[in-house]
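# Coordinate inspection notes
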Amino acid sequence: MTITLDGAVAVTDPADETSPTDVAVAEQETAQAPPSSGPESGVADTASSGIELVAGYSGTPQPAGASLEELLARDVPDAAEATFGSAAEGQPSLESVIGVDDRIRITTTNVYPWRVHASLLIQLADGSYASGTGFFIGPRTVITAGHCVFVQGSGPRRGWVRSVTVMPGRNGSVLPYGSVTVSGSGIRSVVGWTQNGNSNWDVGALILPTELGSRTGWLGFGYYSDATLLASTANLAGYPGDKPSGTLWYHSRRLLSVSAGRIHYQVDTFGGQSGSAVYRLVDGHRYAFGIHTNGAAPGIPVNSGVRITKPIFDRMKAWKG
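Predicted model, so just to flag it, every value in this text is computed and none were measured.

Here we take up the overall build of the protein chain. Each helix and strand in the protein chain was counted, giving six helices and 20 strands. Relative to its 321 residues, the protein chain shows a buried fraction of 55%. Surface summary for the protein chain: the accessible area is close to 12900 Å², and the carbon and sulfur share equals 52%.

Take the pairing of strand β12 (residues 187-190) next. Covered by surrounding structure in β12 are Ile187 and Ser189 together with Arg188 and Val190, the residues of both alternating faces. Two strands pair when backbone bridges link them, and strand β3 (residues 17-18) and β12 are joined in this way by two bridges, in the antiparallel orientation. When the bridges of β12 are listed, Thr18 appears paired with Ser189. Bridge analysis of β12 against strand β13 (residues 203-207) gives three bridges, and the strand direction is antiparallel. Note that in β13 the partner of Arg188 across the bridge is Ala205.

Bringing the packing of aromatic side chains into the picture now. The final tally for this structure, using the stated rule, is four aromatic pairs. Taking 5.2 Å as the distance between ring centres and 85° as the angle between the ring planes, the aromatic pair formed by Phe150 and Trp160 counts as edge-to-face. Of this pair, Phe150 sits in strand β8 (residues 150-151) while Trp160 sits in strand β9 (residues 159-160); the two residues are ten residues apart in sequence, bridging distant segments of the chain. Above the face of the Trp249 ring, Lys243 is positioned so that its terminal group lies 4.4 Å from the ring centre. The ring of Tyr224 has Arg280 sitting right over it, with the charged end atom 4.6 Å from the ring centre.

Before going further, it helps to examine helix α6 (residues 310-320). Counting buried positions over the eleven residues of α6 gives nine, a clear majority of the element. Every buried residue of α6 is accounted for by Ile312, Phe313, Asp314, Arg315, Met316, Lys317, Ala318, Trp319 and Lys320. As for α6, its buried residues are in contact with β3, β7 (141-145), β12, β13, β14 (220-221) and β20 (303-307). Trailing α6 by a residue or two, Gly321 shows a phi angle of about 75°, which is positive.

Looking at the secondary structure, you find Ser189 in strand β12. Between the C-alpha atoms of Ser189 and Trp319, which are 130 residues apart in sequence, the distance is 9.8 Å. When near neighbours in sequence (up to four residues on either side) are disregarded, Ser189 contacts Asp16, Glu17, Thr18, Gly146, Val149, Trp160, Thr194, Val203, Gly204 and Trp319.

One pass over the structure, following the stated rule, counts nine salt bridges. Ionic pairing is found between Asp101 and Arg103, a salt bridge with its closest N-O pair at 2.9 Å. You can call Asp101 partly exposed: its relative accessible area is 35%. The salt bridge involving Asp101 is made with Lys243; its shortest N-O contact spans 3.2 Å.

Among the secondary structure elements, Thr247 is positioned in the loop between β15 (233-238) and β16 (248-258). Overall, the relative accessible area of 2% leaves Thr247 in the buried class. Filtering out sequence-adjacent residues up to four positions away, Thr247 remains in contact with Arg105, Gly172, Gly238, Tyr239 and Pro240.

Right, let's get into unusual backbone geometry. Residues Tyr112 and Pro113 are joined by a peptide bond in cis, for which omega reads 10°. Summarising the element assignment, Pro113 is placed in the loop between β4 (104-106) and β5 (117-123). Not every positive phi belongs to a glycine, and Asp283 is a case in point at roughly 50°. Among the structural elements, Asp283 can be located in the loop between β18 (277-282) and β19 (285-295).

Basis of the calculations
- Residues numbered from 1 in each chain as written.
- Predicted model: local features only at pLDDT ≥ 70, side-chain atom pairs only at ≥ 80, totals over all residues.
- Heavy atoms only, no water.
- Helix = DSSP H or I, 4+ residues; strand = E, 2+ residues; numbered from the N terminus.
- Buried < 20%, exposed > 50% of the residue type's maximum accessible area, 1.4 Å probe, protein only.
- Areas by Shrake-Rupley, 256 points an atom, 1.4 Å probe, with all protein chains shown as cover.
- Pairing = 2+ DSSP bridges.
- Phe/Tyr/Trp six-rings, centres within 6.5 Å; stacked < 30°, edge-to-face > 60°.
- Lys NZ or Arg CZ within 6 Å of the ring centre and 35° of its normal.
- Contact = heavy atoms within 4.5 Å.
- Salt bridge = Lys/Arg side-chain N within 4 Å of Asp/Glu carboxyl O.

These values are about where atoms sit, not about what they do.
As structure tokens, this is what we get:
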């Protein structure tokens, strides 16, 4: 939509949807659906302590034409590098392990909630490839970072990506739910990111041609007050590039700080995890409240993500359909 003030030049709403083919989808005012575990079989134990129940983990104190198999065997860089560039020499990466690396590998990737997290193989505008992470919020909808679908900056990689291959529950070379490739109007973002490059709007979506999410289940999502978030533990699972290719890793820590459009935490991450859900556990149910994107700044031991605000929440509901 546009807003006109006393006949002044119209200002584009940063929450307005955009896609490579400029397909506009009407807003749908639907009630928030709870998370779904998918089929009854293959569901992990219900977690009630604020972190996932994973054996050995108790939390942390404060090119074109290649086959998919060939592409997955490559060392593919993080999608964030295309937009933000590589970290300067001697500086930590855009996404970093903070202190002792006590991330834990998830091997039961065909079990809920782990199967809702998807490894992304992204073909950029210049034909090169990058990696990212996404998560299901409905039968056909995967949420990720905006820079995983639209590259900012300059050069031949700038603009909409050509395609994204979604591989839920990937475990190395094993794809328990296969893969599906999204392109064209299936790739979505908001103008706050594509036109303005505003990090508070670094969010994107993939609308799948199949209801693959009915097999994996999905996370709920919501927007919350500062006080609620600051009392929450940030859980994060994704596909980091410093671990064996295509393996899923999990970590959690209490949220560090919040601002109007961002959340900050010392959860360990690495390149390749852009687009991961930052979620909380409420009575055993999982609700995303942010989308992981990058670190705060070189030299500062904090990672950060987009906060799900009311406008982003409404856009995610529309994408979910």
